[in-house]
There are 2 protein chains.
Amino acid sequence: MPEGQESVVWLNGALLAARLARIDPSDRGLTLGDGIFETIRVRNAVPRQVRHHLARLRRGAEQLGIQIPLTDADISAAFNQTLAANGLVDAVLRLTLTRGTGPRGVAPPANVTPTMLITAAAWVEPPSQITAMICQTTRRNEFSPLSGLKSLNYLDNILACREARQRGADDAILLNTQGNAAEATAANLFVLKGGKWFTPAVRDGALPGIFRARALAVDAAREATLGPGDLLAAEALCFGNALAVRSVSRLDGNEIRANPAEVAELRAILETED
Amino acid sequence: MPEGQESVVWLNGALLAARLARIDPSDRGLTLGDGIFETIRVRNAVPRQVRHHLARLRRGAEQLGIQIPLTDADISAAFNQTLAANGLVDAVLRLTLTRGTGPRGVAPPANVTPTMLITAAAWVEPPSQITAMICQTTRRNEFSPLSGLKSLNYLDNILACREARQRGADDAILLNTQGNAAEATAANLFVLKGGKWFTPAVRDGALPGIFRARALAVDAAREATLGPGDLLAAEALCFGNALAVRSVSRLDGNEIRANPAEVAELRAILETED
């Protein structure tokens, strides 16, 4: 939000100052990670790819058995209210949906009202080039349906990110339990090989990202199983998500070839919308 | 808490009515599952195995790089204050520790104050016998250090629990990615075989549970790799955690042998403390 302006969030239908917004200590989003989220790029006050973000949100909610209390139009209106209340034009929206509050225990309660939270942050252009490493600490679980959901369970990714920072890299790539590449800590992977972009398959533990789906839809990339050797031999390597496409200059200390023209083409897909 | 009494929680050093306790919407425990917890049995106003619970909490916090702001004595005092404020004598305490609030993004912020929350619930005796199924929906990731931590990332276990309820069972057993038994959704497994209790190894994705550690320490159980066949052929099968030992009467619809004497011996370990 503009300097001096107090941050405002949308919580269960109400706009209120962030410092007054209260998540209940018994919210299962907090106690058990029982929820999902979406992160949405906003340009010129227009949230991008909303239809796709909300479709993924609904798929996730259905898989978890969480009822979404609002229509897509209601959610879009809430996005716009949140942006306006924060005076934001270029921004990132985050929608968090949890199952709601509950007594102790893993079993989802029968009658529960979901918690829906929308927050907005001013847009900060991420660096277009980064260094990366292949995470040694943990692996992404391609056997879990959670690898296909943008769930609140991000601790494996946090461990990977911490490891990267400790080893002097900007970000990390998670392998799956078989040792194939799955994704970065908050982005999908794009590997240039023979002049074509490839991205790890959902069956290999890749989150079905919104930018990734767009790149597949316009035939700019295709799915493949990719090992660490494929990454190191890449003609270019990018991390892409709904916010940005960042190219990787070094992986585990090894220089990765740059291919500015192909990277620019991939990045240009961010500007398109169907 | 006794009927009519308002529930009280301990939050970052203050006791306050649960309905007034506020978790910040930017708490990373909520937004990313960035935290850990402990669940502690209280009998006759005495929290049990506190030393072991706090040792595990500190191991987890160290692995995640979260600073715990209190000594063990401070935390014990907070437990007692929380119990007294709720008028509870037989209870379950839960301590939740998150990394604290942060801006958007996976990377842990540099300067962050952890959130520590203690809640208490009246003791409700769980059923001593249950039915179970082997989860088909998801697998426990033994490749992740999180399988050794009591982290806030419980969504795989929630999926397993939901599947159990949908299929008419009380609870579920999670296999690891290799297809060996890891644990139940909120308890360790104990399999009687040749008159001895065996429990899945930590390397197979078993949470190093406090009751489990006690059973190993008194030589009542030993670690083993156990497949679904071992579970079905068990001379008795139990789910054990710091709160209770429950015996399984049916697994995937198949009757599991009862062995009341051996189960009683295992359950008796709950009463002991070193």
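Please refer to the structure higher up on the page.
Residues numbered from 1 in each chain as written. Chains lettered and ligands numbered in written order. Predicted model: local features only at pLDDT ≥ 70, side-chain atom pairs only at ≥ 80, totals over all residues. Heavy atoms only, no water.

## Considering the relation of the copies chain B and chain A
Stage number 1. Overlay of chain B on chain A (RMSD 0.0 Å): rotation 180°, translation along the axis 0.0 Å. Both copies of the chain, as the preceding transformation shows, are related through a two-fold rotation axis. Among all C-alpha atoms of chain B, that of Leu30(B) lies closest to the rotation axis, at 2.1 Å.
Stage number 2. Both copies share a contact surface, since 100% of the interface residues of chain B are interface residues in chain A too. (Least-squares fit on C-alpha atoms with pLDDT ≥ 70 in both. Contact = heavy atoms within 4.5 Å.)

## Some thoughts on the interface of chain B and chain A
Stage number 1. Contacts between chain B and chain A engage 57 residues on the former and 57 residues on the latter.
Stage number 2. The junction of chain B with chain A conceals about 4,400 Å² of combined surface from both sides, 67% of it contributed by carbon and sulfur atoms.
Stage number 3. If you sort the residues of chain B by the area they bury against chain A, Leu30(B), Val106(B) and Leu155(B) come out on top, with a joint share of 15%.
Stage number 4. The interface formed by chain B and chain A holds 27 residue pairs in polar contact (both at pLDDT 80 or more) in total.
Stage number 5. Listing elements by their share of the side of chain B that touches chain A, those giving two or more residues are helix H1 (28-32), strand S3 (35-43), helix H2 (50-64), strand S5 (91-98), strand S6 (115-122) and helix H4 (155-166) of chain B.
Stage number 6. The dominant element in the side of chain B that touches chain A, judged by the number of residues it contributes, is H4(B), at 8 residues. (Buried area = accessible area lost by both parts, 1.4 Å probe. Polar contact = N/O pair within 3.5 Å; in protein donor to acceptor, adjacent residues only side chain to side chain. Helix = DSSP H or I, 4+ residues; strand = E, 2+ residues; numbered from the N terminus.)

## Some details on helix H2 (residues 50-64) of chain A
Stage number 1. Over its 15 residues, H2(A) runs 21 Å from end to end, which matches the ideal 21 Å to within 8%, given 1.5 Å per residue.
Stage number 2. Among the residues of H2(A), those classed as buried are Val50(A), His53(A), Leu54(A), Arg56(A), Leu57(A), Gly60(A), Ala61(A) and Leu64(A). The buried residues of H2(A) occupy an angular sector of 160° when projected down its axis, which confines them to one face. Residues Arg51(A) and Glu62(A) are exposed on H2(A) and point more than 90 degrees away from its buried face.
Stage number 3. Buried residues in H2(A) make contact with strand S3 (35-43), strand S4 (46-47), helix H3 (72-86), strand S5 (91-98) and helix H5 (210-217) of chain A together with H4 of chain B.
Stage number 4. Within two residues after H2(A), Gly65(A) carries a phi angle of roughly 75°, on the positive side. (Expected span 1.5 Å × (residues − 1). Buried < 20%, exposed > 50% of the residue type's maximum accessible area, 1.4 Å probe, protein only. Arc of directions from axis to C-beta.)

## As for the sheet that holds strand S1 (residues 8-11) of chain B
In a beta sheet, neighbouring strands pair by backbone hydrogen bonds and run either parallel or antiparallel.
Residue and element names in this part refer to chain B.
Stage number 1. Spatially, the 6 strands line up as an open sheet ordered S2-S1-S6-S5-S3-S4, and their pairing is antiparallel. Each end of this open sheet is capped by a strand with a single partner; those strands are strand S2 (14-17) and strand S4 (46-47).
Stage number 2. Sheet analysis places S3 next to S5, joined by 8 bridges and oriented antiparallel. Counted as the bridge partner of Phe-37 is Thr-96 from S5. (Pairing = 2+ DSSP bridges.)

## Quick look at the pairing of S5(B)
All names here are of chain B.
Stage number 1. Counting buried residues along S5, 8 of its 8 residues qualify, which places the element largely inside the surrounding structure.
Stage number 2. Neither face of S5 is open: one carries Ala-91, Leu-93, Leu-95 and Leu-97, the other Val-92, Arg-94, Thr-96 and Thr-98, and all of them are buried.
Stage number 3. The pairing of S5 with S6 spans 8 bridges and is antiparallel. Along S6, the bridge assignment pairs Ala-91 with Ala-122.

## Structural notes on empty space enclosed by the protein
Regions of empty space are outlined by a rolling probe, equal in size to a water molecule, passed over the atoms.
Stage number 1. Counted under the stated rule, the structure contains 5 cavities of 30 Å³ or more.
Stage number 2. Size it by volume and the largest cavity reaches roughly 490 Å³.
Stage number 3. Contributing to the lining of the largest cavity are 30 residues, with Asn153(A), Asp156(A), Leu146(B), Asn153(B) and Asp156(B) lying nearest its centre.
Stage number 4. If you list the elements that add at least two residues to the lining of the largest cavity, you get helix H4 (155-166) of chain A together with H4 of chain B.
Stage number 5. Taken together, the residues of the lining of the largest cavity sort by class into 9 nonpolar, 12 polar and 9 charged. (1 Å grid on protein atoms, 1.4 Å probe; cavity = no way out; pocket = protein on both sides within 12 Å on 5 of 7 lines; lining within 4 Å. Points joined across faces, edges and corners; volume = space filled by probe spheres on them. Nonpolar A, V, L, I, M, F, W, Y, C, P; charged D, E, K, R; others polar.)

## Considering the side chain of Gln49(A)
Residue and element names in this part refer to chain A.
Stage number 1. Mapped onto the secondary structure, Gln-49 falls in the loop between S4 and H2.
Stage number 2. Overall, the relative accessible area of 10% leaves Gln-49 in the buried class.
Stage number 3. Apart from residues no more than four positions distant in its own chain, Gln-49 is found in contact with Ile-210, Arg-214, Thr-272, Glu-273 and Asp-274.

## Considering the sheet that holds strand S1 (residues 8-11) of chain A
All names here are of chain A.
Stage number 1. Taken in spatial order, the 6 strands line up as S2-S1-S6-S5-S3-S4 in an open sheet, and their pairing is antiparallel. Edge positions in the sheet fall to strand S2 (14-17) and S4, since each has one partner strand and no second.
Stage number 2. Judged from the 4 bridges that link them, S1 and S2 form a sheet pairing that is antiparallel. Its bridge partner lying in S2, Leu-11 is registered against Ala-14.

## Here we look at the pattern of salt bridges
Residue and element names in this part refer to chain B.
Stage number 1. Using the criterion set out here, one finds 30 salt bridges over all chains in the structure.
Stage number 2. One salt bridge connects Glu-6 with Arg-19, and the closest N-O pair in it is separated by 2.2 Å. Here Arg-19 lies in the loop between S2 and H1 and Glu-6 lies in the segment before S1, a separation of 13 residues in the sequence.
Stage number 3. Residue class for Glu-6 comes out partly exposed when judged on its relative accessible area of 37%.
Stage number 4. Residue classification places Arg-19 among the exposed residues on the basis of a relative accessible area of 55%.
Stage number 5. Here Glu-273 and Arg-48 are joined by a salt bridge, their closest N and O atoms 3.6 Å apart. Here Glu-273 is found in the segment after helix H7 (260-268), whereas its partner Arg-48 is found in the loop between S4 and H2, with 225 residues between them in sequence. (Salt bridge = Lys/Arg side-chain N within 4 Å of Asp/Glu carboxyl O.)

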